[in-house]
Structure formats: C-alpha cells, structure tokens
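Inside the fold
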Amino acid sequence: MARAGSSSGGRKGGASLWPWLGWALVIFLLDQLTKTLILGYYRLGDATPVTSFFNIVRAHNTGAAFSLLADAGGWQRWLFTAIGLAAAAFIIWQLRQHPGQKLFAFSLASILGGAIGNVVDRLQHGYVVDFLDFHWSFLAGVFHRGHFPAFNIADAAITVGAACLILDELLRVKKAA
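Residues numbered from 1 in each chain as written. Predicted model: local features only at pLDDT ≥ 70, side-chain atom pairs only at ≥ 80, totals over all residues. Heavy atoms only, no water.

Moving on to the overall build of the protein. A count of helices and strands for the protein gives 4 helices and 3 strands. For the protein, the α and β elements follow one another from N to C terminus as α-β-β-α-α-β-α. Expressed as a percentage of the 177 residues in the protein, the buried residues total 40%. For the protein, restricting intrachain contacts to residue pairs at least 6 apart in sequence, the fraction spanning at least 24 positions comes to 67%. (Helix = DSSP H or I, 4+ residues; strand = E, 2+ residues; numbered from the N terminus. Buried < 20%, exposed > 50% of the residue type's maximum accessible area, 1.4 Å probe, protein only. Contact = heavy atoms within 4.5 Å.)

It is worth spelling out the nonpolar core at this point. One recurring pattern in soluble globular proteins: nonpolar side chains tend to sit buried together. Judged by nonpolar contacts, Leu 17, Trp 20, Ala 24, Ala 88, Ile 91, Leu 95, Phe 104, Ala 105, Leu 108, Ala 109, Ile 111 and Leu 112 together constitute the single largest core of 12 residues. Breaking this core down by element, the ones donating at least two residues are helix 1 (18–41), helix 2 (75–97) and helix 3 (102–125). Considering each element in turn, this core owes the most residues, 6 residues, to helix 3. Contacts of Ala 24, omitting those with residues within four sequence positions, involve Ala 109, Leu 112 and Gly 113. The next biggest cluster of nonpolar side chains, apart from the first, holds 9 residues, and it includes Tyr 42, Tyr 127, Phe 131 and Leu 132. (Core = buried A, V, L, I, M, F, W, Y, C linked by side-chain atoms within 4.5 Å.)

This part is about a nonpolar patch on the surface. A cluster of nonpolar side chains, Leu 30, Leu 33, Leu 37 and Tyr 41, forms an exposed patch at the surface whose accessible area comes to about 450 Å². Note that Leu 33 resides in helix 1. (Patch = residues over 30% accessible without salt bridge, like charges linked within 9 Å, V, L, I, M, F, W, Y side chains within 5 Å. Areas by Shrake-Rupley, 256 points an atom, 1.4 Å probe, with all protein chains shown as cover. Salt bridge = Lys/Arg side-chain N within 4 Å of Asp/Glu carboxyl O.)

What follows concerns the pairing of strand 2 (residues 54–61). Taken across its 8 residues, strand 2 has 6 buried, putting it largely inside the fold. Strand direction decides the pairing type here: strand 1 (residues 47–51) and strand 2, joined by 4 bridges, are antiparallel. Residue Ala 47 lies in a different strand from strand 2, and its bridge partner there is Val 57. Linkage of strand 1 to strand 2, two consecutive antiparallel strands, is achieved through a turn of 2 residues. (Pairing = 2+ DSSP bridges.)

Structure below.
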C-alpha cells in the first residue's frame, strides 16, 4: 500500500497519529457499549421491530462477513482473531506513515476501531455480537426471508472505512493522471 502520491498529502504540517487513534477508540467504545446493551437486555434471537424495514435483534456470528465459515467447528474464531490483530498492526503502521492524509487515515482508523471491536468479541465470547437487522421484501430472493445479515457498529465502521479507502485511491489516481 505505497502512498507516494495522495489526495491529501503526507506528514505535512506535523500531522499526528493521535487523532486517528482517538477516532478508532471512539468507534471501539461505541461498538462495545452497544454490544453490552444488547447482551444485557436481549436473549439470543430476541428482536424488537423499530420500523417496517429495521429490527434490533440479538445474533451471534462465529464466522466472518455474511457468516462466512460460521459452521466451521471453532477454529475460525482464532483465524479471524489473528487476521484482525494482523490488520490492526498493519493499519497502525500505515497511520504512523501517513497521518496527514486525512481521507486515507480516516478510512484506516474506522477499519481499525471496527476490527478491534470484533476481535474483542471473539476473544471474550467466541462470537461477534450483531444486532442491526435490515429487511426488505425485494431481498427475499437473495437473503433468508429478505433479511440482510445482521451486523453491528464495528461492521458498519469497517464498511464505511473500506468505501472511503476506495474513494481515497480513486482520488489519488485521478490527481496523479
């Protein structure tokens, strides 16, 4: 992930790593707080309809995104934990190298906060606590009963971070052209 040219500069202006680690911490804390509330007030499978297309539900995911490898027998817990920790180490290294590249650093810090949130779940519970459940009738042919797989704040932060990372790269390539 060489960052020779970027959409927002390198270490210019003495940019610091700390605001990005602070953002990752905010995501992590919000993620853990919401999961603690779900674990405290919901039993596995309990759901509260909020709108016609959204529920709060308690779900456990022993796999990765979209429950990939959820039924693999337990070894996946350690694989996904190791991947999360390796990703966190790589992200911190990248943030140290490029703290002044605002969109890039925001993206990585968002992914970092989410990754650590899910790693803590895997270590603490053996699964990731999910609770945001969106459903639409047009999804019935794609997902079980039209429900998008339940997710959490960490997953949302990782998704936003990944989308912003793609945007940052597109802007960097456009600027270089």
